[in-house]
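Remarks on the overall topology
Below are the chains, spelled out letter by letter.
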Amino acid sequence: MVYEDTISAVATALGEGGIGIIRMSGNQAIQVADQIFIGVNGKKASEIKSFQAAYGNIVDEGVIIDEVLILVMRAPRSYTREDVVEIHCHGGVTPLRKILDLTLKQGARLAEPGEFTKRAFLNGRLDLTQAEAVIDIIRSKTDSSLKMAVGQLSGVLSEKIRELRYEILQMIAHLEASIDFPEDDIEEMTIEEVTQGVRETMAKVEQLLATTQTGKVLRDGMATVIIGKPNVGKSSLLNALLNEKRAIVTDIPGTTRDIIEEYVNIQGIPLKIVDTAGIRETADIVERIGVERAREFVDKADLILVLLDSSNHLSTEDHQVLALLEGRQAIVLINKSDLPQVLEMDKVAELVPGKKVIRLSIADEIGLDQLEQSIVDMVYGGHIKQGESAIVNNVRQAHLIEQAGKHLEDVLITAEAGMPPDCLVIDLRAAWEKLGEVTGDTVGEDIISQIFTQFCIGK
Ligand code: GDP
C-alpha cells in the first residue's frame, strides 16, 4: 500500500436524494467505522465480512445521527485495493455532512478530488487510461460515449499500447544482442529487420491516431454551429433535431447570461449545439452581429451546418458565409427544397468544393436522415466500426502516441544515416517510454496529479 492515511468523502452528488454515500478508504477505514456505527444486533463494522452490508445507526456521543447501511470491502479486493467502507445514509446535505465530519473527527482525512481513483492507480488496480475512463463514464453523454469509456475501463486501449511497447522492446533486445557481435554481418541484417519492424509499428501507431477525432467527439461532443441568413430555417432545424434527438441539456450559469449547451444524439454521436439560445432568440447571427461574429462561431466549432434557402437567389451574405468554410468540417444544407428552386446550385457547388451539399426540407421532413448519415460518416471516417476498436480519446493520450510515432520515425532516419545500433536503441527507448506514459507505466508525479484533479471529490 502506498498511503498510510485514511481518506473520506461524500461519494454521491450533493443535493436531496433517496440515499447518499460516504466512502472511506485506507487501513483505518474499518476502525473509524467501528467508532461511529452500531449495528441493530450490536454488530460492529470490523465484524462484517467483506462485501457484506449491515444495517444500523451512526451515533455521535450516544445520539443517533441517521439510520444507515454500511458496506465493508477489505483490501485488496476493493476499488482502491485498500480497506473500503461505504456508509449509505439518507441522501440529504445535513446527514451526509454530519457523518462525513464524524469520520474526520475519528481520524480520517478529507479526500482530494479523484483521490480514490488515484489510489486505485497507484496500487496497480487501474492503469492511467482506465482511470481516465472512470471520469469519461461519469460524464458520458450518449450510449456510444458510454460504450467507448467502458471499453477503455476494461483496458482495450491499454492492451493495444502494451502490444506496441512489447514490439519495440523486442527490437531493442534484438539490436542489443547484435551489439555484442560487432564484426559479423549480423549487425547489418539486424538493422534491416528492425527498420522493417519499425515501419510496421509505425503503421499501427497511425491507425491508432486515426481514431483520435472519433474519441474526442464521443467524449466531449462535437461542437456544432448552425449558420445562415435570417429566415432560412435555423430555428426550425434546431427544433427538428431537438424534438427527435435531444440528449442532455446542461445549464452553465455565466456572468452575463446563462449559456445553454444542448446535446443532440446522432446515432450515438453527441452534437453540442453552440449557443442554442442565440439561435432561438436572435436567429440572425449573420445579419445582427455581422460576418465577423459568425467567423468567431465558426472558429470554435468542430462542425458547421450552413443553411441556404432554395427558394431565393444566392445573396452576398450567403457568399460571405460560404467563404468561411474553407478548410473546415462543414455540411451545406439547401433548405426549403419543397418550394420552387431559385437558388443557383451550380454556383454553390463551385463555392464549396469537396463539401457535402444536401437538399433539405425541414417543413416536409426531407433530408434529415441524409444529414445524420453524413455526420456519422464524418466522425467514423470509414476507419472505425462503431464501438469496437481501441480508441484514443483524449488529447493527452493522442499527444503521447504522436510523440512515440516521431521517435519511431527518428529510428528510420538514424538507420538511413548509417548510424550504429546503439543510436537506434536510444530512439526506440524514447518511443517505448512515451507509450508507457499513456498507460502510466512510465510517468511522473506531476502528470498524475494533474490528471486526477479533474475528478470530483469522492471519486
Ligand atoms: P431562422 O430565422 O433561420 O431561424 O428561420 P426559421 O427556422 O425561423 O424559419 C423561417 C421560416 O421559414 C418559418 O416560417 C419556417 O416555418 C419556414 N421554413 C423553415 N423550413 C422550411 C422548409 O423546409 N420549407 C418551407 N417552405 N418553409 C420552411
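The structure displayed is predicted, hence computed values, not measured ones.

Let us now look at the pattern of salt bridges. With the rule as written, the count across this model stands at 19 salt bridges. Across the salt bridge formed by R165 and D441, the nearest N and O atoms sit 3.5 Å from each other. Highlighted residues: R165 in helix α6 (residues 156-179) and D441 in the loop between α16 (421-439) and α17 (445-452), separated in sequence by 276 residues. With a relative accessible area of 9%, R165 lands in the buried category. Between D220 and R219 there is a salt bridge, and its shortest N-O distance comes to 3.4 Å. Put simply, D5, E82, R109, E115 and R119 are held in one network by salt bridges that share partners.

Before going further, it helps to spend a moment on the confidence of the model for the protein. The predicted model of the protein has a mean per-residue pLDDT of 86, with 88% of residues at 70 or higher. pLDDT under 50 marks residues 282-289. Its contacts with residues more than four places away, or in other chains, come to 20 contacts.

Turning our eyes to something else, we now look at a negative patch on the surface. A cluster of acidic residues, E206, E402, E409 and D410, forms a negative patch at the surface. When residues in the negative patch are grouped by element, the largest group, three residues, is from helix α15 (residues 395-416). With respect to the helices and strands, E409 occurs in helix α15. Judged by its relative accessible area of 42%, E409 is partly exposed.

With that out of the way, let us pick up the site of the ligand. The environment of the ligand is made up of 17 residues, and the closest members are N231, K234, S235, S236 and D338. Take S236: an N or O atom from its side chain is 2.5 Å from an oxygen atom of the ligand. Between an oxygen atom of the ligand and a side-chain N or O atom of S361, the distance comes to 3.4 Å. Computed on the free molecule, the ligand has an accessible area of 580 Å², of which 71% lies beneath the protein chains in the complex. It is helix α9 (residues 234-245) that contributes the most residues to the shell around the ligand, three residues altogether. Residue classes in the shell around the ligand are distributed as six nonpolar, six polar and five charged.

Remark: helix α3 (residues 115-122) packs on α17, axes separated minimally by 9 Å, with the N-to-C direction vectors making an angle of 140°. The orientation of α3 with respect to α17, classified from their angle, is oblique. Regarding α3 and α17, the two cross each other, and that crossing is right-handed. Facing α3, whose interface residues are T117, K118, F121 and L122, α17 presents E445, I448, S449 and F452. Of the residues in the contact of α3 with α17, the class split is four nonpolar, two polar and two charged.

Turning our eyes to something else, we now look at α16. The end-to-end C-alpha distance of α16, which contains 19 residues, comes to 28 Å, matching closely the 27 Å that a straight helix rising 1.5 Å per residue would cover. Within α16, the full set of buried residues consists of P421, L424, V425, D427, L428, A431, W432, L435, G436, E437, V438 and T439. Positive backbone phi, at 90°, marks G440, one or two positions downstream of α16.

Turning our attention to the side chain of N57. One can find N57 in strand β4 (residues 52-60). What makes N57 buried here is its relative accessible area of 19%. Residues in contact with N57, not counting those within four places in the same chain, are I36, F37, I38, I64, D66, E67 and V68.

Next up on the list: the sheet that holds strand β5 (residues 63-73). In space, the seven strands of this open sheet follow the order β3-β4-β5-β6-β2-β1-β7, with mixed pairing throughout. A strand with exactly one partner marks an edge of an open sheet, and here the two such strands are β3 (37-39) and β7 (109-110). Where helix α1 (residues 29-36) meets the sheet, it contacts β2 (17-25), β3, β4, β5 and β6 (84-91), and its direction lies at approximately 70° from that of β3. Together, β1 (7-10), β2, β4, β5, β6 and β7 form the strand contacts of helix α2 (residues 93-105), whose direction differs from that of β6 by roughly 150°.

Take G17: it is sitting in strand β2. Among the residues examined, G17 registers a relative accessible area of 37% and is labelled partly exposed. A sequence separation of 73 residues divides G17 from H90, and the C-alpha atoms of the two residues are 7.4 Å apart.

A word on the environment of Q267. You can see Q267 is positioned in the loop between β10 (259-266) and β11 (269-273). Residue Q267 is classed as partly exposed on the basis of its relative accessible area of 36%. Residues Q267 and Q373 lie 106 residues apart in sequence; the distance between their C-alpha atoms is 8.7 Å. There is a polar contact of 3.1 Å between the side chain of Q267 and the side chain of E372.

How each quantity is defined
- Numbering of residues starts from 1 in every chain and runs along the sequence as written.
- Per-residue local features of the predicted model are confined to residues with pLDDT of at least 70, and side-chain atom pairs are confined, for both listing and counting, to 80 or more; whole-chain, interface and lining totals are unaffected and use all residues.
- Only hydrogens and water are set aside; all other atoms, that is, all heavy atoms of the structure, feed into the side-chain values.
- Counted as salt bridges are all cases of a side-chain nitrogen of Lys or Arg within 4 Å of a carboxyl oxygen of Asp or Glu.
- The secondary structure listing takes helices from DSSP runs of H or I that are at least 4 residues long and strands from runs of E that are at least 2 residues long, numbered from the N terminus.
- Each residue's exposure class comes from its accessible area (1.4 Å probe, protein chains only) as a fraction of the maximum for that residue type: buried when under 20%, exposed when over 50%, partly exposed otherwise.
- You can read pLDDT as the predictor saying how much it trusts each residue, on a scale of 0 to 100.
- Contacts were defined at the residue level, with two residues in contact if any of their heavy atoms lie within 4.5 Å.
- Each patch is built from residues lacking any salt bridge and having more than 30% relative accessible area; the joining distance is 9 Å for like charges and 5 Å for nonpolar side chains (Val, Leu, Ile, Met, Phe, Trp, Tyr).
- To be clear on the numbers: accessible area is Shrake-Rupley with a 1.4 Å probe, and residue cover counts the displayed protein chains and nothing else.
- His is not counted, nor are the chain ends, whereas Lys and Arg count as positive and Asp and Glu as negative.
- For this purpose, a charge sits on NZ of Lys, CZ of Arg, CG of Asp or CD of Glu.
- Here a residue is near a molecule or strand as soon as one of its heavy atoms is found within 4 Å of it.
- Polar contact is defined as a pair of N or O atoms within 3.5 Å, subject to the rule that within protein one atom must be able to donate a hydrogen and the other to accept it, and that residues adjacent in sequence are counted only when both atoms are side-chain atoms.
- Think of it as three bins: nonpolar holds Ala, Val, Leu, Ile, Met, Phe, Trp, Tyr, Cys and Pro, charged holds Asp, Glu, Lys and Arg, and polar takes everything else, Gly as well.
- Interaxial angle, 0 to 180 degrees, is taken between N-to-C directions of lines fitted to C-alpha atoms, where a helix line uses only the stretch in contact.
- When describing relative orientation, an angle under 35 degrees is termed roughly parallel and one over 145 degrees roughly antiparallel, while 65 to 115 degrees is termed roughly perpendicular and anything else oblique.
- By convention the crossing between two helices is left-handed if the near helix lies anticlockwise of the far one by an angle smaller than a right angle, and right-handed if it lies clockwise.
- Expected helix span is given by 1.5 Å per residue-to-residue step, counting one fewer step than there are residues.
- Pairing between strands is defined by DSSP: at least two bridges between them are needed.

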